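Working through the structure, step by step
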Amino acid sequence: INGKRFNTVVMLKGRSIPRPLRIKDCGSQGNQLLKLAKNTTAQLFIVQHVNKIDPEIEESLRDHILSHTHLQKVYMCFINGVDTARLLKGMGRNLEELKDKKAKH
């Protein structure tokens, strides 16, 4: 960010969840969000999903981070399905291509 590197933790949720990502999809009662937030050296927290991300995910992650971090400033990044498609397009890939590739294996 602005030429600086940050310790980062990432939670990737893929096509195994074919609907908007909800807290119940993040482990037992959202415990994956808690595990993500407990990384006290991280300044950047990323959640990526191939569909929409429920606003409760953001709220829950923020609450967990604030109760576990000692850092002055942290960042959260949520990459939903539209953003994922944009990133893939920027890399010269698309979701259909990846689906076809998965089906061939």
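Before any of the text, the structure's been laid out above.
Residues numbered from 1 in each chain as written. Predicted model: local features only at pLDDT ≥ 70, side-chain atom pairs only at ≥ 80, totals over all residues. Heavy atoms only, no water.

**A few points about the overall build of the protein chain**
The helix and strand inventory of the protein chain stands at four helices and three strands. Start at the N end of the protein chain and walk to the C end: the helices and strands fall as β-α-β-α-β-α-α. When the backbone C-alpha atoms are referred to their principal axes, the protein chain occupies close to 45 × 35 × 25 Å. When burial is assessed residue by residue, the protein chain has 27% of its 105 residues classed as buried. Once local pairs closer than 6 in sequence are excluded, the contacts in the protein chain between residues at least 24 apart make up 71%. If you sum the accessible surface of the protein chain, you get close to 7300 Å²; carbon and sulfur atoms cover 51% of it. When the 19 basic and 10 acidic side-chain charges of the protein chain are each reduced to a single mean position, those positions are 6 Å apart. (Helix = DSSP H or I, 4+ residues; strand = E, 2+ residues; numbered from the N terminus. Buried < 20%, exposed > 50% of the residue type's maximum accessible area, 1.4 Å probe, protein only. Contact = heavy atoms within 4.5 Å. Areas by Shrake-Rupley, 256 points an atom, 1.4 Å probe, with all protein chains shown as cover. Lys, Arg positive; Asp, Glu negative; His and termini not counted. Charge placed at Lys NZ, Arg CZ, Asp CG, Glu CD.)

**Some thoughts on the pattern of salt bridges**
All chains considered together, the criterion is met by four salt bridges. For the salt bridge of Arg 62 with Glu 58, the shortest nitrogen-to-oxygen distance reads 3.0 Å. In this pair, Arg 62 and Glu 58 are both assigned in helix 2 (residues 55–68), four residues apart and thus about one turn of the helix distant. Note on Arg 62: relative accessible area 35%, which makes it partly exposed. (Salt bridge = Lys/Arg side-chain N within 4 Å of Asp/Glu carboxyl O.)

That's the geometry; what it means functionally is another story.
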